[in-house]
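In case you want the letters, here they are:
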Amino acid sequence: MSQYKALFLSESREYLRSIAEQVVALEQSPGERTAVDALFRGAHSLKGMAASMEYGDVVVVAHGMEDLMARVRDGALPFDAGVADLLLEGVDLIDVLLQDVEQERPSTLPTGDYAQRLATYTPSAQEAAPVEKGEPQVAGAPPSPAAELPPLPAAEAEKGKEPAGEAGGTVRVRTELLDHLINLTGELVTNKQRLLNIGRELASPPLNDAVSETAKLLRALHDEVMKVRLMPFEAISDRFQRSVRSVAKKSGKEIHFELTGREIGLDRGMLEQLVDPLNHILRNAVDHGIEESGERERAGKPARGTVRLAVTRDRDRIQIMVRDDGRGMEPRAMIEAAIAKGLLSPEEGELLSPEQALMLSCIPGFSTAKQVTDISGRGVGMDAVNTAIQKLGGTLSIDSEPGAGTTVTLRLPLTIAIIHALVVQVGQVKAAIPVNAVQRTVELSRGQIETMGKRQMFQLDGEPIPLLSLNRVMGLPLGRFPDGILPLFVTQARGRRVGVVVDHLLGQHELFVKQLGRPLDKMAGVAGGATLGDGEIVAILDLAGLL
């Protein structure tokens, strides 16, 4: 029976994810009959699979969930917050039991008490009332003047719920095989660069033509391999639905959560690293962004706030937007808070644009919360988010309108395995910076450098940009520029743009990223390594950790 365990675990977790999504969706629309039926079928299928594998504890929990949903389906019990809490508790319980199965250890969790609570659950009058109150909000409610956000497309929402295997044949492949396929493709990319170098040295037109054609085929192969590595966003989306629900319940706020783009594919290695950053953003949206119901009504808004998470793809880029219709952020208040905390001088504050002022929330220790709660307010959330996104080769931007809401936008590469990078010379070292982190390259004359206080700056698009030396940051000898021209690239660090001076800009290269082994993987500011076409090894810099 052990040969079927991996398949059982995989399918069981898919059912758990589907059940959690359906529970949260039903809270928004308790009368949705198809969702009730889907929940019942999910619990029933999970029970049947566990019974066939003789995992008795899982059977007990799933059977209790099935019986509870049977009462809801037959109209003997309304689907209220109490039912939702019990079902989500069951999802968590089965998830722990599956971990025990995977680790081949005996289960220590008592399931009898949970099954008893399911069997004897009866809603109180206080619990039943909010269900009726919330129903009119779901379909046909008039839009809020303060929330000019596009509605959730029904077609996309339904598309995300379709089983993955209905459109065509599918096969389960071990992730190790996919990783090996990615590695081989990456080595081919490196070898292609070597062939291009040889072709230029020999000046052979036939060889150049053959290499160019090979490069096209390799690009097509790379694109197809990347598709195999992609996983739909819905693989992690249920966590966000539950996170929003949990924070809303704890803070006593009414929240309507919408999610679009769950079918969009992202690199498997990137998905798990997005969970914590997105949870931070969503918790901030609920805790800081959305007002209390009474405050919203006084402002002419509906009592229930809206938080939207939208995932879209534009060619080889992924865009994730978290948007709320809450109180918004005031740039001037952000600057004053930063000055009060000593994170910014008054002179620096006067130079910031509204967009830069909003990015102050990404500085370590910054927070405008009047009190610290177990949800947020410690000044570490957005700093951690920005650092994590930059490590993935992405960017974060914030747009806000006081009284109307805030939008946080993440822009990410489709894959983190093969990247385009700017290669630079720093002393005797060559390093690579992902082009997603590079806003512009500049050749600056010494006459363009200004001194403001203790900082050297230059003007770019009417904005003063501070200068940093990558040589100094990396502890290398400072470069010499006899012609008076300083090569640099502009990037973002701690919420504002900076110019990073290097010895030479060596151009853009397509690189296959390799993770560093111990102890090099502990080095701050280094995200990995790669091999150039001439065989030289370069370090791929993590600017968020370095600057």
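Note that the structure is a prediction, hence the values are computed from the model and not measured. (Residues numbered from 1 in each chain as written. Predicted model: local features only at pLDDT ≥ 70, side-chain atom pairs only at ≥ 80, totals over all residues. Heavy atoms only, no water.)

A. Examining the pattern of salt bridges more closely. Counting across every chain of the model gives 20 salt bridges. A salt bridge links Lys430 to Glu536, with the nearest nitrogen and oxygen atoms 3.0 Å apart. Placement of Lys430 in strand β9 (residues 429-434) and of Glu536 in the loop between β17 (526-531) and β18 (537-541) is noted, with a sequence separation of 106 residues between them. Each of Glu291, Arg296, Lys301 and Asp325 takes part in one network of salt bridges that share partners. (Salt bridge = Lys/Arg side-chain N within 4 Å of Asp/Glu carboxyl O. Helix = DSSP H or I, 4+ residues; strand = E, 2+ residues; numbered from the N terminus.)

B. Highlighting the sheet that holds strand β2 (residues 255-260). Spatial ordering of the open sheet is given by β2-β4-β5-β7-β6, a layout of 5 strands whose pairing is mixed. Of all the strands in the sheet, just β2 and β6 (395-401) have a single pairing partner and so form its edges. Each adjacent strand pair in this sheet contributes to an overall mean axis angle of 10°, direction not counted. Inspection of the sheet shows strand β4 (residues 305-314) paired to strand β5 (residues 317-324) by 8 bridges, in the antiparallel sense. Each residue of the ladder has a partner; that of Arg313, found in β5, is Ile318. (Pairing = 2+ DSSP bridges. Axes fitted to C-alpha atoms, helices over the stretch in contact; angles between N-to-C directions.)

C. Seen up close, the sheet that holds strand β12 (residues 455-460). Pairing is mixed across the open sheet formed by 6 strands, whose spatial order is β10-β14-β15-β13-β12-β11. Each having just a single partner strand, β10 (440-445) and β11 (450-452) make up the two edges of the open sheet. Adjacent strand axes in the sheet meet at a mean angle of 45°, parallel and antiparallel pairs treated alike. Relative to strand β15 (residues 496-501), strand β14 (residues 485-493) is paired through 6 bridges, and the arrangement is antiparallel. Bridged to Leu488 within β15 is Val501.

D. Main features of the nonpolar core. Judged by nonpolar contacts, the single largest core of 53 residues is most densely connected at Phe233, Leu266, Leu274, Leu278 and Ile320. If one sorts the elements of this core by residue count, helix α11 (residues 268-289) sits on top with 9 residues. Once you skip the residues sitting within four places of it in the chain, Ile320 turns out to touch Phe233, Leu266, Leu274, Leu278, Leu309, Ala310, Val311, Val408, Thr409, Leu410 and Leu412. Grouped together as the second largest cluster of nonpolar side chains are 41 residues, Phe8, Ala20, Val83 and Leu93 included. (Core = buried A, V, L, I, M, F, W, Y, C linked by side-chain atoms within 4.5 Å. Buried < 20%, exposed > 50% of the residue type's maximum accessible area, 1.4 Å probe, protein only. Contact = heavy atoms within 4.5 Å.)

E. Structural context of the confidence of the model for the chain. Here the chain averages 79 in pLDDT, and 85% of its residues register 70 or above. With pLDDT under 50 throughout, residues 125-168 is counted as low confidence; its partners more than four residues away or in other chains account for 40 contacts. (pLDDT = per-residue confidence, 0-100.)

F. Up close: the side chain of Thr185. Here Thr185 lies in helix α8 (residues 175-202). You can call Thr185 buried: its relative accessible area is 3%. Within polar-contact distance, the side chain of Thr185 engages the backbone oxygen of Leu181 at 2.9 Å. For Thr185, the contacting residues outside a window of four places in its chain are His222, Val225 and Ile418. (Polar contact = N/O pair within 3.5 Å; in protein donor to acceptor, adjacent residues only side chain to side chain.)

G. Representation of a nonpolar patch on the surface within the structure. Residues Leu195, Ile198 and Leu202 make up a contiguous nonpolar surface patch of about 250 Å² in total accessible area. Along the chain, Leu202 falls in helix α8. Residue Leu202 is classed as exposed on the basis of its relative accessible area, which comes to 57%. (Patch = residues over 30% accessible without salt bridge, like charges linked within 9 Å, V, L, I, M, F, W, Y side chains within 5 Å. Areas by Shrake-Rupley, 256 points an atom, 1.4 Å probe, with all protein chains shown as cover.)

H. Molecular detail of the pairing of strand β7 (residues 405-413). Of all 9 residues in β7, 8 are buried, a share of seventy percent or more. Here β5 pairs with β7 via 8 bridges, running antiparallel. Bridging from a neighbouring strand, Ile320 pairs with Leu410 of β7. Pairing of β6 with β7, which is carried by 7 bridges, proceeds in the antiparallel orientation. When the sheet's bridge partners are listed, Glu401 is paired in β7 with Gly405. Between β6 and β7, which follow one another and run antiparallel, lie 3 residues, and Gly403 among them has a positive phi close to 90°.

I. Quick peek at the pairing of strand β13 (residues 463-469). Here β13 lies mainly inside the structure; 6 of its 7 residues are buried. As paired elements, β12 and β13 share 4 bridges and run antiparallel to each other. Its bridge partner being in β13, Gln459 is matched across the sheet by Pro464. As judged from the 3 bridges shared by β13 and β15, these two strands associate in the parallel manner. Within the sheet, the bridge partner assigned to Ser469 lies in β15 and is Val501.

J. Region of interest: the packing of helix α1 (residues 5-28) against helix α2 (residues 33-52). Remark: α1 packs on α2, axes separated minimally by 9 Å, with the N-to-C direction vectors making an angle of 155°. It follows that α1 is roughly antiparallel to α2 by the angle criterion. Our pair here, α1 against α2, has a crossing hand that is left-handed. On α2, the residues touching Phe8, Glu11, Ser12, Tyr15, Leu16, Ile19, Gln22, Val23 and Leu26 of α1 are Ala35, Val36, Ala38, Leu39, Gly42, Ala43, Ser45, Leu46, Met49 and Ala50. Along the lines of polarity and charge, the residues of the contact of α1 with α2 split into 14 nonpolar, 4 polar and 1 charged. (Parallel < 35°, antiparallel > 145°, perpendicular 65-115°, else oblique. Left-handed = near helix turned anticlockwise from the far one by under 90°. Nonpolar A, V, L, I, M, F, W, Y, C, P; charged D, E, K, R; others polar.)

K. Up close: the packing of α1 against helix α10 (residues 234-251). Between α1 and α10, whose axes approach to 9 Å, the crossing angle comes to 40°. Taken together, the axis directions place α1 and α10 in an arrangement best described as oblique. Judged by the sense of rotation from one axis to the other, the crossing of α1 with α10 is left-handed. Across the interface between the two elements, Arg17, Ala20, Glu21, Val24 and Glu27 from α1 touch Glu234, Ala235, Ser237, Asp238, Gln241, Arg242 and Arg245 from α10. Residue classes in the contact of α1 with α10 are distributed as 3 nonpolar, 2 polar and 7 charged.

L. Region of interest: helix α13 (residues 331-340). Of all the residues in α13, the buried ones are Pro331, Met334, Ile335, Ala337 and Ala338. The buried residues of α13 occupy one face: seen down the axis, they fall within an arc of 165°. Among the structural elements, α14 (346-351) and α15 (354-358) are those in contact with the buried residues of α13. Looking one or two places after α13, you find Gly342, whose phi comes out positive at around 75°. (Arc of directions from axis to C-beta.)

M. Structural detail: unusual backbone geometry. One non-glycine residue, Glu54, adopts positive backbone phi at about 65°. You can see Glu54 is positioned in the loop between α2 and α3 (56-73). Look at Ala203: it is not a glycine, yet its phi comes out positive at around 50°. Summarising the element assignment, Ala203 is placed in the loop between α8 and α9 (205-229).

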